[in-house]
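Summary of structural features
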Amino acid sequence: VATVSFATGMAAIGAIMLTLTRAGDHVVASRYLFGNTASLFQTLEAHGGDVTFVDATDAAAVEAAVTPRTRLVFVETIANPRTQVADLAGIGEVCARHGLVYVVDNTMTSPWLFRPSTVGASLVVNALTKYIGGHGNALAGSITDTGLFDWTHFPNIADNYKSTDARIPVTLL
């Protein structure tokens, strides 16, 4: 549907978490995450969020962690730096069954090698600093909405965003 760019990949992840979660919400995340991402999630816990870290190589472990307060699942295609590969298709099925936002950080593979929309991802994060930008010579990040999630039922966004088609340009008066 659309892509939004940020100053860094961590800014993109932070924007997702701060925009889509509230105090008391629950997030299921891979225990195999980039260190700064894991730190960010621990900071969210300090602000009233609840994060369960699971072995994302097993979709059953992800599903077992889902609660009625779960809003999203966050995984990396290939964990940085430990290189575990999440059960991306299986987790996509779990998220579809439970109506959860499925966030895939695709930094380690890039959109050239893997398209998370093929496994049901709702949002795709890329730290453009890595493979896309030459691994460290420029900082940037992005979030892409794949169009696969029905935002009209998501409780943490304003009603006018639930009914507006993001593909239609909005004119501000």
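Notes on the structure in this doc start here. (Residues numbered from 1 in each chain as written. Predicted model: local features only at pLDDT ≥ 70, side-chain atom pairs only at ≥ 80, totals over all residues. Heavy atoms only, no water.)

Cis geometry marks the peptide bond from Asn80 to Pro81, where omega comes out at 10°. Tracing the backbone through its elements, the reader meets Pro81 in the loop between strand S4 (70–76) and helix H4 (88–98). A positive phi angle, close to 70°, is found at Thr83, a residue other than glycine. Structurally, Thr83 can be placed in the loop between S4 and H4. Non-glycine residue Ser110 carries a positive phi angle of around 70°. By the secondary structure assignment, Ser110 is in helix H5 (residues 110–113). Classification of Ser110 by relative accessible area gives buried; the value is 9%. (Helix = DSSP H or I, 4+ residues; strand = E, 2+ residues; numbered from the N terminus. Buried < 20%, exposed > 50% of the residue type's maximum accessible area, 1.4 Å probe, protein only.)

Bringing the pairing of S4 into the picture now. By the criterion of burial, S4 is predominantly enclosed, with six of the seven residues buried. As defined by bridge partners, strand S2 (residues 26–30) adjoins S4 across four bridges and the pair is classed as parallel. Residue His26 lies in a different strand from S4, and its bridge partner there is Thr70. Across five bridges, the pairing between S4 and strand S5 (residues 101–105) is parallel. If you follow Val73 over to S5, its bridge partner there is Tyr102. Crossover S4 to S5 through H4 is right-handed. (Pairing = 2+ DSSP bridges. Right-handed = clockwise from strand over helix to strand, strands pointing away.)

A few words on helix H2 (residues 35–46). What sets the pattern is the α-helix's 3.6 residues per turn: residues three or four places apart point alike. Spanning twelve residues, H2 covers 17 Å between terminal C-alpha atoms, matching the ideal 16 Å at 1.5 Å per step. Within the span of H2, buried status applies to Thr37, Ala38, Phe41 and Leu44. One face of H2 carries all of its buried residues, which in axial projection span an arc of 110°. Those residues of H2 hidden inside the fold are in contact with helix H1 (9–20), S2, strand S3 (50–54) and S4. (Expected span 1.5 Å × (residues − 1). Arc of directions from axis to C-beta. Contact = heavy atoms within 4.5 Å.)

The next subject is the nonpolar core. Counting residues in hydrophobic clusters, the biggest one holds 23 residues, and the most contacted among them are Ile16, Leu20, Phe41, Leu72 and Val101. Broken down by secondary-structure element, the contributors of at least two residues to this core are H1, S2, H2, S4, S5 and strand S6 (123–127). Top element by residues in this core is H1. It accounts for five residues. Sequence-distant contacts of Leu72, that is, excluding residues within four places in its chain, are made with Ile16, Met17, Leu20, Thr21, His26, Val27, Val28, Val101 and Val103. (Core = buried A, V, L, I, M, F, W, Y, C linked by side-chain atoms within 4.5 Å.)

So, about the pattern of salt bridges. Scanning all chains against the criterion turns up three salt bridges. Measuring nitrogen to oxygen at the nearest pair gives 2.8 Å for the salt bridge that ties Glu63 to Arg97. Of this pair, Glu63 sits in helix H3 (residues 59–65) while Arg97 sits in helix H4, and the two are 34 residues apart along the sequence. Residue classification places Glu63 among the partly exposed residues on the basis of a relative accessible area of 28%. Residue class for Arg97 comes out exposed when judged on its relative accessible area of 52%. (Salt bridge = Lys/Arg side-chain N within 4 Å of Asp/Glu carboxyl O.)

Per the stated rule, a full pass over the model turns up five aromatic pairs. Taken together, the ring pairs connect Phe41, Phe53 and Phe74 into an aromatic cluster. (Phe/Tyr/Trp six-rings, centres within 6.5 Å; stacked < 30°, edge-to-face > 60°.)

Further remarks concern H1. If you check H1, its first and last C-alpha atoms are 17 Å apart, about what twelve residues at 1.5 Å a residue would give, namely 16 Å. For H1, the complete set of buried residues consists of Gly9, Ala12, Ile13, Gly14, Ile16, Met17 and Leu20. One side-chain oxygen at the N-terminal end of H1 lies 3.4 Å from the backbone nitrogen of Met10; it belongs to Thr8. (Polar contact = N/O pair within 3.5 Å; in protein donor to acceptor, adjacent residues only side chain to side chain.)

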